[in-house]
Amino acid sequence: MTAVPPTEAPPQATRRAPSIVLLATGDGKGKTTAAMGTVLRALGRGWAVWVVQFVKSGKWNSGEVGLLTDLGAEWHTMGDGFSWEVDDLGRSAEIARSGWAMAKEAIASGRYQLVVLDEVTYPVNWGWIDGEDVAQAISGRPATVNVFLTGRDAPGTLVDVSDTVTEMHNLKHAYEAGIRAAKGIDF
Ligand code: ATP
Ligand code: MG
(Lines give C-alpha, C1' and ligand atoms only; values in the text may rest on other atoms or scores of the structure.)
(Ligands and ions follow the chains in the order given, each with its own letter.)
Protein backbone atom coordinates (compact mmCIF):
# COMPACT_ATOMS: atom_id res chain seq x y z
CA MET A 1 0.00 0.00 0.00
CA THR A 2 1.29 3.48 -0.79
CA ALA A 3 0.24 6.48 1.22
CA VAL A 4 1.09 10.16 1.36
CA PRO A 5 1.58 12.25 4.48
CA PRO A 6 -1.61 14.21 5.22
CA THR A 7 -1.33 17.89 4.34
CA GLU A 8 -4.42 18.99 6.23
CA ALA A 9 -4.67 19.01 10.01
CA PRO A 10 -7.43 16.82 11.44
CA PRO A 11 -10.48 18.70 12.80
CA GLN A 12 -9.74 20.40 16.10
CA ALA A 13 -11.49 19.24 19.25
CA THR A 14 -12.72 22.25 21.16
CA ARG A 15 -14.36 20.89 24.29
CA ARG A 16 -12.68 19.91 27.55
CA ALA A 17 -14.34 17.23 29.67
CA PRO A 18 -13.69 17.04 33.42
CA SER A 19 -13.29 13.27 33.01
CA ILE A 20 -13.87 10.46 30.55
CA VAL A 21 -14.57 6.72 30.54
CA LEU A 22 -12.29 4.39 28.59
CA LEU A 23 -12.88 0.79 27.63
CA ALA A 24 -10.37 -1.67 26.18
CA THR A 25 -11.97 -4.84 24.88
CA GLY A 26 -11.47 -7.46 22.16
CA ASP A 27 -9.60 -10.76 21.90
CA GLY A 28 -6.12 -9.35 21.20
CA LYS A 29 -3.34 -8.63 23.65
CA GLY A 30 -2.94 -5.20 25.19
CA LYS A 31 -6.06 -4.39 27.21
CA THR A 32 -4.57 -4.53 30.69
CA THR A 33 -1.24 -3.09 29.55
CA ALA A 34 -3.13 -0.12 28.08
CA ALA A 35 -4.87 0.44 31.41
CA MET A 36 -1.56 0.15 33.29
CA GLY A 37 0.10 2.58 30.89
CA THR A 38 -2.67 5.03 31.71
CA VAL A 39 -2.13 4.44 35.44
CA LEU A 40 1.52 5.36 34.95
CA ARG A 41 0.58 8.48 33.01
CA ALA A 42 -1.92 9.52 35.68
CA LEU A 43 0.55 8.96 38.53
CA GLY A 44 3.04 11.05 36.60
CA ARG A 45 0.54 13.90 36.83
CA GLY A 46 0.23 13.48 40.57
CA TRP A 47 -3.24 11.94 40.38
CA ALA A 48 -4.77 9.66 42.98
CA VAL A 49 -5.30 6.27 41.32
CA TRP A 50 -7.41 3.33 42.47
CA VAL A 51 -7.24 -0.08 40.79
CA VAL A 52 -9.24 -3.27 41.17
CA GLN A 53 -8.38 -6.42 39.25
CA PHE A 54 -11.20 -8.90 38.94
CA VAL A 55 -10.68 -12.63 38.26
CA LYS A 56 -6.90 -12.45 38.76
CA SER A 57 -5.68 -13.86 42.05
CA GLY A 58 -2.95 -12.35 44.23
CA LYS A 59 -0.54 -15.22 43.66
CA TRP A 60 -0.44 -14.25 39.98
CA ASN A 61 0.69 -10.70 40.67
CA SER A 62 1.86 -9.08 37.49
CA GLY A 63 5.18 -7.22 37.13
CA GLU A 64 3.60 -3.77 37.36
CA VAL A 65 1.75 -4.23 40.66
CA GLY A 66 4.63 -3.61 43.10
CA LEU A 67 5.95 -0.76 41.02
CA LEU A 68 2.66 1.08 40.60
CA THR A 69 1.73 0.66 44.28
CA ASP A 70 5.18 2.01 45.23
CA LEU A 71 4.35 4.99 43.05
CA GLY A 72 1.16 5.49 45.04
CA ALA A 73 -1.61 3.58 43.25
CA GLU A 74 -4.13 1.92 45.56
CA TRP A 75 -4.45 -1.70 44.49
CA HIS A 76 -7.05 -4.38 45.11
CA THR A 77 -6.83 -7.89 43.74
CA MET A 78 -10.35 -9.25 43.90
CA GLY A 79 -10.19 -12.58 42.14
CA ASP A 80 -9.74 -16.25 42.70
CA GLY A 81 -7.80 -17.18 39.58
CA PHE A 82 -8.93 -18.82 36.35
CA SER A 83 -12.49 -20.16 36.52
CA TRP A 84 -11.32 -23.55 35.25
CA GLU A 85 -8.93 -23.91 38.21
CA VAL A 86 -11.43 -22.87 40.85
CA ASP A 87 -13.42 -25.40 42.93
CA ASP A 88 -15.97 -22.99 44.29
CA LEU A 89 -17.32 -20.52 41.71
CA GLY A 90 -19.78 -19.24 44.29
CA ARG A 91 -16.80 -17.96 46.25
CA SER A 92 -15.32 -16.38 43.11
CA ALA A 93 -18.64 -14.59 42.53
CA GLU A 94 -18.63 -13.40 46.14
CA ILE A 95 -15.08 -12.01 45.80
CA ALA A 96 -16.06 -10.22 42.58
CA ARG A 97 -19.13 -8.71 44.25
CA SER A 98 -17.07 -7.34 47.14
CA GLY A 99 -14.57 -5.99 44.60
CA TRP A 100 -17.39 -4.17 42.87
CA ALA A 101 -18.77 -2.84 46.18
CA MET A 102 -15.32 -1.35 46.89
CA ALA A 103 -15.00 0.04 43.38
CA LYS A 104 -18.43 1.64 43.57
CA GLU A 105 -17.37 3.42 46.75
CA ALA A 106 -14.05 4.49 45.26
CA ILE A 107 -15.85 5.97 42.24
CA ALA A 108 -18.53 7.73 44.31
CA SER A 109 -16.02 9.11 46.82
CA GLY A 110 -14.57 11.46 44.22
CA ARG A 111 -11.18 10.97 45.88
CA TYR A 112 -9.54 9.43 42.82
CA GLN A 113 -8.94 10.97 39.43
CA LEU A 114 -8.53 7.53 37.89
CA VAL A 115 -10.35 4.33 38.80
CA VAL A 116 -9.42 1.16 36.89
CA LEU A 117 -11.74 -1.85 36.73
CA ASP A 118 -9.44 -4.41 35.14
CA GLU A 119 -11.18 -7.52 33.70
CA VAL A 120 -14.57 -6.19 34.80
CA THR A 121 -16.35 -7.57 31.71
CA TYR A 122 -16.03 -11.15 32.96
CA PRO A 123 -17.93 -10.87 36.27
CA VAL A 124 -20.51 -8.77 34.42
CA ASN A 125 -20.94 -11.28 31.60
CA TRP A 126 -21.11 -14.18 34.06
CA GLY A 127 -23.88 -12.45 35.99
CA TRP A 128 -21.81 -12.00 39.15
CA ILE A 129 -22.07 -8.21 38.97
CA ASP A 130 -24.97 -6.26 37.50
CA GLY A 131 -23.81 -4.38 34.37
CA GLU A 132 -26.61 -1.82 34.78
CA ASP A 133 -25.36 -1.07 38.28
CA VAL A 134 -21.82 -0.59 36.95
CA ALA A 135 -23.07 1.68 34.16
CA GLN A 136 -25.16 3.74 36.60
CA ALA A 137 -22.31 4.15 39.07
CA ILE A 138 -20.13 5.33 36.20
CA SER A 139 -22.61 7.71 34.59
CA GLY A 140 -23.48 9.21 37.99
CA ARG A 141 -19.85 9.55 39.09
CA PRO A 142 -18.34 12.78 40.43
CA ALA A 143 -17.27 14.88 37.44
CA THR A 144 -13.51 14.55 37.94
CA VAL A 145 -13.30 10.74 38.14
CA ASN A 146 -11.91 9.07 35.01
CA VAL A 147 -12.68 5.37 34.66
CA PHE A 148 -10.81 2.70 32.68
CA LEU A 149 -12.56 -0.62 32.02
CA THR A 150 -10.98 -3.71 30.48
CA GLY A 151 -11.92 -7.23 29.43
CA ARG A 152 -13.06 -9.26 26.43
CA ASP A 153 -16.59 -9.22 25.08
CA ALA A 154 -17.62 -5.91 26.61
CA PRO A 155 -21.43 -5.86 26.99
CA GLY A 156 -23.43 -3.03 25.40
CA THR A 157 -24.12 -1.46 28.80
CA LEU A 158 -20.39 -0.82 29.27
CA VAL A 159 -19.81 0.28 25.67
CA ASP A 160 -22.68 2.77 25.98
CA VAL A 161 -21.33 4.38 29.13
CA SER A 162 -17.79 4.74 27.70
CA ASP A 163 -16.43 7.70 25.72
CA THR A 164 -13.38 5.97 24.23
CA VAL A 165 -13.70 2.32 23.26
CA THR A 166 -10.83 0.38 21.73
CA GLU A 167 -11.18 -3.14 20.46
CA MET A 168 -7.86 -5.00 20.50
CA HIS A 169 -8.16 -7.33 17.58
CA ASN A 170 -6.07 -10.51 17.61
CA LEU A 171 -4.16 -10.87 14.34
CA LYS A 172 -1.65 -13.28 15.87
CA HIS A 173 -0.69 -14.32 19.38
CA ALA A 174 2.49 -16.15 20.40
CA TYR A 175 0.35 -18.37 22.62
CA GLU A 176 -1.36 -19.81 19.56
CA ALA A 177 2.08 -20.97 18.34
CA GLY A 178 2.53 -22.77 21.65
CA ILE A 179 4.65 -20.09 23.34
CA ARG A 180 3.99 -19.80 27.06
CA ALA A 181 3.12 -16.50 28.75
CA ALA A 182 6.39 -14.77 29.62
CA LYS A 183 7.42 -12.81 32.71
CA GLY A 184 8.01 -9.16 31.87
CA ILE A 185 5.82 -9.35 28.76
CA ASP A 186 2.58 -11.04 29.75
CA PHE A 187 2.72 -10.65 33.53
P1 ATP B 1 -2.18 -7.86 28.61
O2 ATP B 1 -2.36 -8.03 30.10
O3 ATP B 1 -0.94 -8.54 28.15
O4 ATP B 1 -2.35 -6.45 28.16
P5 ATP B 1 -4.88 -8.43 27.88
O6 ATP B 1 -5.30 -7.70 29.09
O7 ATP B 1 -5.27 -7.83 26.57
O8 ATP B 1 -3.33 -8.69 27.91
P9 ATP B 1 -6.34 -10.74 28.82
O10 ATP B 1 -7.48 -11.23 28.02
O11 ATP B 1 -6.60 -10.02 30.09
O12 ATP B 1 -5.39 -9.89 27.86
O13 ATP B 1 -5.39 -11.96 29.03
C14 ATP B 1 -4.56 -12.16 30.11
C15 ATP B 1 -3.36 -12.97 29.68
O16 ATP B 1 -3.61 -13.68 28.47
C17 ATP B 1 -2.14 -12.12 29.39
O18 ATP B 1 -1.01 -12.80 29.86
C19 ATP B 1 -2.11 -11.97 27.90
O20 ATP B 1 -0.80 -11.83 27.40
C21 ATP B 1 -2.71 -13.26 27.45
N22 ATP B 1 -3.44 -13.07 26.18
C23 ATP B 1 -3.96 -11.92 25.69
N24 ATP B 1 -4.53 -12.10 24.48
C25 ATP B 1 -4.36 -13.41 24.19
C26 ATP B 1 -4.70 -14.25 23.09
N27 ATP B 1 -5.32 -13.77 22.00
N28 ATP B 1 -4.36 -15.57 23.15
C29 ATP B 1 -3.73 -16.05 24.24
N30 ATP B 1 -3.37 -15.33 25.30
C31 ATP B 1 -3.67 -14.03 25.29
MG1 MG C 1 -6.29 -8.17 30.79
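Residues numbered from 1 in each chain as written. Chains lettered and ligands numbered in written order. Predicted model: local features only at pLDDT ≥ 70, side-chain atom pairs only at ≥ 80, totals over all residues. Heavy atoms only, no water.

### Quick look at the pattern of salt bridges
Phase 1: Tallying each qualifying case throughout the model produces six salt bridges.
Phase 2: A salt bridge links R91 to D80; the nearest nitrogen and oxygen atoms lie 3.5 Å apart. In this pair, R91 is assigned in helix α3 (residues 89-109) and D80 in the loop between β3 (74-78) and α3, connecting sequence segments 11 residues apart.
Phase 3: Between E94 and R97 there is a salt bridge whose closest N-O contact spans 3.2 Å. With E94 and R97 both in helix α3 and three residues apart, the pair spans about one turn of that helix.
Phase 4: Given the relative accessible area of 47%, E94 is considered partly exposed.
Phase 5: Among the charged side chains, a salt-bridge network with shared partners connects K56, D118 and E119. (Salt bridge = Lys/Arg side-chain N within 4 Å of Asp/Glu carboxyl O. Helix = DSSP H or I, 4+ residues; strand = E, 2+ residues; numbered from the N terminus. Buried < 20%, exposed > 50% of the residue type's maximum accessible area, 1.4 Å probe, protein only.)

### Considerations on empty space enclosed by the protein
Phase 1: Taken as a whole and judged by the stated rule, the model has one cavity of 30 Å³ or more.
Phase 2: Of the pockets and cavities examined, the largest cavity occupies roughly 70 Å³.
Phase 3: Taken together, 15 residues make up the lining of the largest cavity; nearest its centre are V55, D80, G81, S92 and W128.
Phase 4: It is α3 that contributes the most residues to the lining of the largest cavity, four residues altogether.
Phase 5: By residue class, the composition of the lining of the largest cavity is 10 nonpolar, four polar and one charged. (1 Å grid on protein atoms, 1.4 Å probe; cavity = no way out; pocket = protein on both sides within 12 Å on 5 of 7 lines; lining within 4 Å. Points joined across faces, edges and corners; volume = space filled by probe spheres on them. Nonpolar A, V, L, I, M, F, W, Y, C, P; charged D, E, K, R; others polar.)

### As for the layout of surface pockets
One water molecule sets the probe size; rolling that probe over the atoms shows where empty space is left.
Phase 1: Reported here for the largest pocket is a volume of approximately 1600 Å³.
Phase 2: Lining the largest pocket are 43 residues; nearest its centre among them are K56, W60, F82, R152 and D186.
Phase 3: Looking at the lining of the largest pocket, the elements that each hand over two or more residues are α1 (31-44) and α2 (64-70).
Phase 4: Per-class residue counts for the lining of the largest pocket are 15 nonpolar, 15 polar and 13 charged.
Phase 5: There is about 320 Å³ of room inside the second largest pocket.
Phase 6: Around the second largest pocket, the lining is made up of 13 residues, and of these I20, T38, R41, W47 and N146 lie nearest the centre.
Phase 7: The biggest single contributor to the lining of the second largest pocket is α1, with three residues.
Phase 8: Residues that form the lining of the second largest pocket fall into these classes: seven nonpolar, three polar and three charged.

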